[in-house]
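# Structural features, examined
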Amino acid sequence: MSESAYKEMWENLNLDVAAHDGLLEVLGKFYGDIYMSQQGRLQGMEYLDFVLSEVHGLRIKELMDAKAEGKKIIGTFCVFVPEELSLAVEAVQVGLCAGADAGTEAAETVVPRNTCALIKSFIGFKMAKICPYTESCDLIIGETTCDGKKKAYEAFGEMAPMHIMEVPQRKEASDRVLWKSEVLRLKDELEKLTGKTVTAESLKKGIKIVNEKRRALQRLNKLRAAKPTPISGRDVLLINQVSFYDDPIRFTASINDLCDQIDERIAKSEGIVPENTPRLMLSGCPMAVPNWKLPYIIESSGAVVVAEESCIGTRNSRDLVDESGETVEEMIDAICDRYMKIDCACFTPNNERMDNIKELAEEAGVDGVIHYSLMFCQPYTHETFKVEKALAGQDVPMLAIETDYSMEDVEQLKTRVEAFVEMIS
Amino acid sequence: MIAGIDIGSRSMELVLLDKNEMVLERKLPTTFDPASQLKIILDGVKADLISATGYGRKLVTEEICGAPCVSLTEIKAYALGISYLFPEARTILDIGGQDTKAISLMKNGKVAKFEMNDRCAAGTGKFLEHLATVFQLPIEEFGNYALGGTEPLTINSMCTVFAETEATSLMAQGKNPRDIALGLHASIVRRTTNMLHRVGLSEPFVFAGGVANNPCVINMLTDALNIKPLVPEGPDMVGALGSALYGKSLTEIS
């Protein structure tokens with residue numbers, strides 16, 4: 001993954017090039033072990049292998065080129081930040097680094113030790129100067145989806161230009177009013193940053209682009225659930241992860257190509273695993289690149305992941321923005337409605353999530369669910385109890401896993417996952 | 001002839017099954033070189049299939065053992081072993097060297113639900129073993145020593161290292177060491193009962209694994225749950241037995 005041609009660019013971004021080289025080396029090896037070793041992968045995955053091999057190279061160069069053309073780069077951590085608005089002001093929106101144990105010691109000087117790995121990671125990446133995305137950003141949008149993030153952004157805001165959106169905690173009419181005012185506040189901020197105005201035309205285009213991306217992911221999520229399973233859970237996870245930072249139009253086209261290949265596979269009844277392989281759904285916290293530990297453990301324990309209920313999964317693509325609006329006001333309303341449907345565990349109550357999980361488990365025909373929470377993630381760890389109860393009502397067994405990005409519990413996790421697979425086989 | 005092996009963190013056990021008969025049982029410490037110990041425990045054993053469980057289950061390969069081999073988790077192995085010994089059993093507690101597992105069984109002996117400690121060996125055999133050395137006792141005597149206490153002193157920490165700190169502070173205060181030992185056993189039982197309630201404790205309830213050799217844990221568990229656990233003879237052999245039974249079930253299918 002390391003390319004000396006990019007060295008100058010990384011230096012200009014003020015990265016710690018030596019530390020960054022180390023990160024790429026580890027990432028490359030990890031990727032090789034977990035992804036390249038898979039048997040019978042689809043050809044279309046070559047696109048993703050390429051995207052990932054160039055994740056800190058070519059893609060960053062594209063961001064630099066966009067900046068040279070006067071475009072702005074918007075960084076995000078969460079599915080609540082409407083990409084439609086960024087596109088409407090011709091900005092590029094990217095997800096930021098947060099899936100690895102990096103810069104943890106430095107992070108622990110500004111956030112408490114008992115903070116979830118994701119938060120420590122994005123702060124660690126920034127403080128260790130190893131995330132070219134974070135360093136490329138003209139503005140980073142935070143959101144108040146949990147107390148950990150909310151407070152961590154206070155520290156992060158001292159290191160990077162930030163704008164925080166307040167995500168409501170309930171779904172009452174007053175919360176919808178608050179959320180709309182936050183969407184409008186973001187629109188103003190983006191207009192100020194880029195010097196461009198959100199017009200009916202530009203917003204319509206933005207909505208269309210993001211909806212097309214979601215449609216491609218919806219198509220993929222439907223196809224992955226075929227029997228026999230045509231694509232590994234790891235590969236689908238990777239696609240969802242890439243959807244956060246690749247160019248949306250190129251991404252959509254590539255995923256639709258891949259889906260055509262999956263269609264062919266399904267027509268020939270070809271699977272990547274035998275038809276009787278236990279089918280699992282992963283549910284819970286998001287998994288930022290390169291957090292592939294649990295999916296890898298699951299798929300090397302004789303099971304296959306066929307559904308993902310998470311922000312890096314169906315939560316990001318399930319709902320579309322209504323495309324019938326003609327004025328900016330109407331389209332903003334449509335965006336507000338769509339984002340208020342997100343069933344993040346930050347809401348109280350959050351009963352839609354239970355319904356969505358039950359529905360997805362049934363649609364995908366899963367034999368069991370693995371609920372994944374990052375340690376110290378209050379919202380999702382709390383909901384573990386509810387999810388287990390909801391699934392028990394449908395006779396779907398569930399295993400709760402609480403872990404982080406470290407490798408110290410891999411053996412224990414393997415035993416628990418294997419035992420769960422034995423149990424449902 | 002089917003060999004069942006349980007390669008745990010502290011000890012490894014072997015059970016040899018000929019039809020339904022246990023014809024051989026062996027036990028060895030795992031040590032820092034389990035692969036060599038595996039060869040020793042299998043010395044002279046002629047098996048048609050070797051079935052392995054425990055942390056070292058993946059160590060068993062045809063190359064090392066000279067026979068076809070399969071593996072299964074300790075959770076399934078204990079479920080099979082206990083269902084064989086106590087066909088009615090509905091809940092199993094297995095406290096081994098570094099893991100504690102609570103398992104509830106369906107009527108047909110299949111695993112319905114299980115809980116297992118994550119990453120930390122708090123409240124396991126390792127915990128007891130470490131604290132026994134603080135009392136300068138061999139692990140085998142630690143339970144009986146603690147039974148000599150009258151009033152268990154509260155040990156708040158489940159962490160082995162912090163529990164040791166608490167125990168040494170109490171010693172420095174001149175407290176009765178047997179009461180401290182009793183308190184340490186009580187802390188294991190507290191953690192274990194929580195786990196059992198999470199899987200839904202119902203009778204018959206069987207306690208197995210190496211720590212089921214400890215009379216103090218058995219007593220305190222009985223008091224805490226108001227249920228006297230059934231303890232198999234040789235509670236640490238259950239994993240190897242279950243493993244052998246699994247191997248046998250595979251040969252019967254084919």
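Just above, that's the structure.
Analysis parameters
Residues numbered from 1 in each chain as written. Chains lettered and ligands numbered in written order. Predicted model: local features only at pLDDT ≥ 70, side-chain atom pairs only at ≥ 80, totals over all residues. Heavy atoms only, no water. Helix = DSSP H or I, 4+ residues; strand = E, 2+ residues; numbered from the N terminus. Rg over C-alpha atoms; globule rule 2.2 N^0.38 Å. Buried < 20%, exposed > 50% of the residue type's maximum accessible area, 1.4 Å probe, protein only. Core = buried A, V, L, I, M, F, W, Y, C linked by side-chain atoms within 4.5 Å. Contact = heavy atoms within 4.5 Å. Disulfide = S-S within 2.5 Å. Salt bridge = Lys/Arg side-chain N within 4 Å of Asp/Glu carboxyl O. Axes fitted to C-alpha atoms, helices over the stretch in contact; angles between N-to-C directions. Parallel < 35°, antiparallel > 145°, perpendicular 65-115°, else oblique. Nonpolar A, V, L, I, M, F, W, Y, C, P; charged D, E, K, R; others polar. Pairing = 2+ DSSP bridges.

Glancing now at the overall build of chain B. For chain B, the count of helices and strands is nine helices and nine strands. A compact globule built from 254 residues should have a C-alpha radius of gyration of about 18 Å, and chain B, at 19 Å, falls within 12% of that. For chain B, the spread of C-alpha atoms along the three principal axes comes to 65 × 40 × 30 Å. Classification of the 254 residues of chain B by burial places 53% in the buried group.

Relative to the elements of secondary structure, D257(A) occurs in helix 13 (residues 248-267). Distance in space between the C-alpha atoms of D257(A) and G44(A) is 7.0 Å, their sequence separation being 213 residues.

For soluble globular proteins, nonpolar side chains are generally found buried alongside one another. Counting 142 residues, the largest nonpolar core has F122(A), Y133(A), I239(A) and I370(A) as the members making the most contacts within it. In terms of residue count, the dominant contributor to this core is helix 19 (residues 410-424) of chain A (eight residues). With sequence-adjacent residues up to four places away left out, I239(A) is seen in contact with M45(A), L48(A), L217(A), L220(A), I231(A), F251(A), I255(A) and L258(A). Residues A102(B), F207(B), V217(B) and M220(B) belong to the second largest nonpolar core, which totals 37 residues.

Attention now goes to the state of the cysteines. In protein chemistry, a disulfide is the covalent bond that joins the sulfur atoms of two cysteines. Residue and element names in this part refer to chain A. Within the structure shown, the criterion is met by one disulfide over all chains. Disulfide pairing places C97 opposite C131 at an S-S distance of 2.2 Å. Torsion about the S-S bond of the C97 and C131 cystine: about 75°, corresponding to right-handed handedness. With C97 in the loop between strand 2 (92-95) and helix 6 (104-107) and C131 in the loop between helix 7 (117-127) and helix 8 (132-136), the pair connects residues that are 34 residues apart, well separated along the chain. Given the relative accessible area of 12%, C97 is considered buried.

Our focus in this paragraph is the pattern of salt bridges. Scanning the entire structure with this criterion turns up 55 salt bridges over all chains. Linking E191(A) and K187(A) is a salt bridge whose minimum nitrogen-to-oxygen distance equals 3.7 Å. Residue E191(A) and its partner K187(A) are both found in helix 10 (residues 173-194); the two are separated by four residues, about one turn of the helix. Judged on exposure class, the residue E191(A) and its partner K187(A) are both buried. When the shortest N-O distance is used, the salt bridge between E418(A) and R57(B) registers 3.0 Å.

Turning our attention to the packing of helix 11 (residues 200-224) of chain A against helix 12 (residues 233-242) of chain A. Residues and elements named next belong to chain A. In the contact formed by helix 11 and helix 12, the axes pass within 11 Å of each other and the chain directions differ by 170°. Taken together, the axis directions place helix 11 and helix 12 in an arrangement best described as roughly antiparallel. Packed against helix 11, whose contacting residues are L217, L220, N221 and R224, the element helix 12 presents G233, V236, I239 and N240 at the interface. Looking at the contact of helix 11 with helix 12 residue by residue, the classes come out as four nonpolar, three polar and one charged.

Two modes of strand pairing occur in sheets, parallel and antiparallel, and in both the strands are linked by backbone hydrogen bonds. All names here are of chain A. Spatially, four strands are ordered 2-1-3-4 in an open sheet, and the strand pairing comes out parallel. Bordering the open sheet on either side are strand 2 and strand 4 (162-165), each of which pairs with just one other strand. Between one strand and the next, the sheet's axes are offset by a mean angle of 25°, whatever the strand orientation. As paired elements, strand 1 (residues 73-76) and strand 2 share four bridges and run parallel to each other. Of the residues in strand 2, the one forming a bridge with I74 is Q93. Docked against the sheet, helix 9 (residues 147-156) engages strand 3 (139-143) and strand 4, running at close to 155° with respect to strand 3.

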